[in-house]
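Descriptive analysis of the structure
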Amino acid sequence: MTETGNTVLITGGSSGIGLSLAKRFLQLKNKVIITGRDKVKLEQIKNEFPELIIFAGDLTDSTSLDELVLFIERQHSDVNILINNAAVQYNYHFTDKTNLTDKIEYEISANLTAPIQLTSLLLPFILKNKNSAVVNVSSGLFIAPKKSASVYCATKSAIHSFSKTLRYQLEDTDTKVFEIIPALIDTPMTEGRGKSKITTEQLTDEFIHNFKADQYESYIGKTKLLRLIHRFSPKLADRIMKNGL
Ligand SMILES: NC(=O)c1ccc[n+]([C@@H]2O[C@H](COP(=O)([O-])OP(=O)(O)OC[C@H]3O[C@@H](n4cnc5c(N)ncnc54)[C@H](OP(=O)(O)O)[C@@H]3O)[C@@H](O)[C@H]2O)c1
């Protein structure tokens, strides 16, 4: 992949990993569009980086999703790289007494349905444009899940599977499918959780290196070790991750 001269759409580009990727793609002289739910946060980021293009909307809402697609179609149909990064993580147990239906629905919609639908709606543009790619952000938790985030881990396993099958379906096209598989990264999502987190800049360095080399799966930080452990002893990998933070 050429890392410059692209039009890059990053969902959830207003925070953490998405914001770090957005800054790097800007530095590398790309047109960058970021999305998020919080308009004020997006506007603050735009004040700091006026070249960024922002779009506010909750992608679990079909009207917002359609508005984003229309915005791209009308104003940025040169989009050639889609980064499906936005997600939420809820920690709860199914033995909790509260009705979990809304939480379950929202988490699956944000982490799985929205990125898959957005990919399908934008693929006609992406396929037409040169140097094109879809980049999905999954998690090391697809290798071995943690007890406290059941639905989150399930969505990330599904995103891993989707990334593979989309890659199979696009193998006769010029569009490449990448997957970022982060370990615990220091972002607002992981505030107050775990130790020895790696920075978003380290993740971005590793990903950009792999992106340029057409290495489709980027195992970031400790997920490389987890993958190796899982290969030799899936039970050990499960034991290590079960009570993860
Ligand atoms: N941090 C980690 O350790 C880690 C590890 C493995 C995988 N990941 C994955 O990496 C990705 C980025 O995570 P992060 O740690 O950078 O999280 P983050 O700092 O919480 O950022 C999440 C971003 O997604 C946006 N967002 C969330 N729900 C949305 C929705 N329904 N519609 C539109 N935008 C939405 C948020 O903006 P608003 O709040 O304004 O909507 C924000 O920009 C996620 O896919 C996450 O699962 C993270």
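Here is a short report on the structure shown in this document. (Residues numbered from 1 in each chain as written. Predicted model: local features only at pLDDT ≥ 70, side-chain atom pairs only at ≥ 80, totals over all residues.)

With that settled, consider the site of the ligand. In the vicinity of the ligand there are 29 residues, among which G12, G16, R37, A87 and T187 approach most closely. Sorting the residues of the shell around the ligand by element identifies helix 1 (16-27) and strand 2 (31-36) as the ones contributing at least two each. With 3 residues, the single largest contributor to the shell around the ligand is helix 1. Among the residues forming the shell around the ligand, the class breakdown is 12 nonpolar, 13 polar and 4 charged. (Near = placed C-beta within 6 Å. Helix = DSSP H or I, 4+ residues; strand = E, 2+ residues; numbered from the N terminus. Nonpolar A, V, L, I, M, F, W, Y, C, P; charged D, E, K, R; others polar.)

So, about the sheet that holds strand 6 (residues 176-181). Sheet architecture is open: 7 strands sit in the order 3-2-1-4-5-6-7, paired in parallel fashion. Taken across any chain shown, the strands that pair with only one partner, and hence form the sheet edges, are strand 3 (53-56) and strand 7 (217-219). Ignoring strand direction, the axes of neighbouring strands in this sheet form an average angle of 15°. Both strand 2 and strand 3 contribute to a ladder of 4 bridges, which runs parallel. Residue pairing for strand 3: I33 is matched across the bridge by I53. Lying on the sheet, helix 1 is in contact with strand 1 (7-10), strand 2, strand 4 (81-84) and strand 5 (133-137); it crosses strand 2 at an angle near 165°. (Pairing = 2+ DSSP bridges. Axes fitted to C-alpha atoms, helices over the stretch in contact; angles between N-to-C directions. Contact = placed C-beta atoms within 7 Å.)

The values reported here are purely geometric and, on their own, carry no functional implication.
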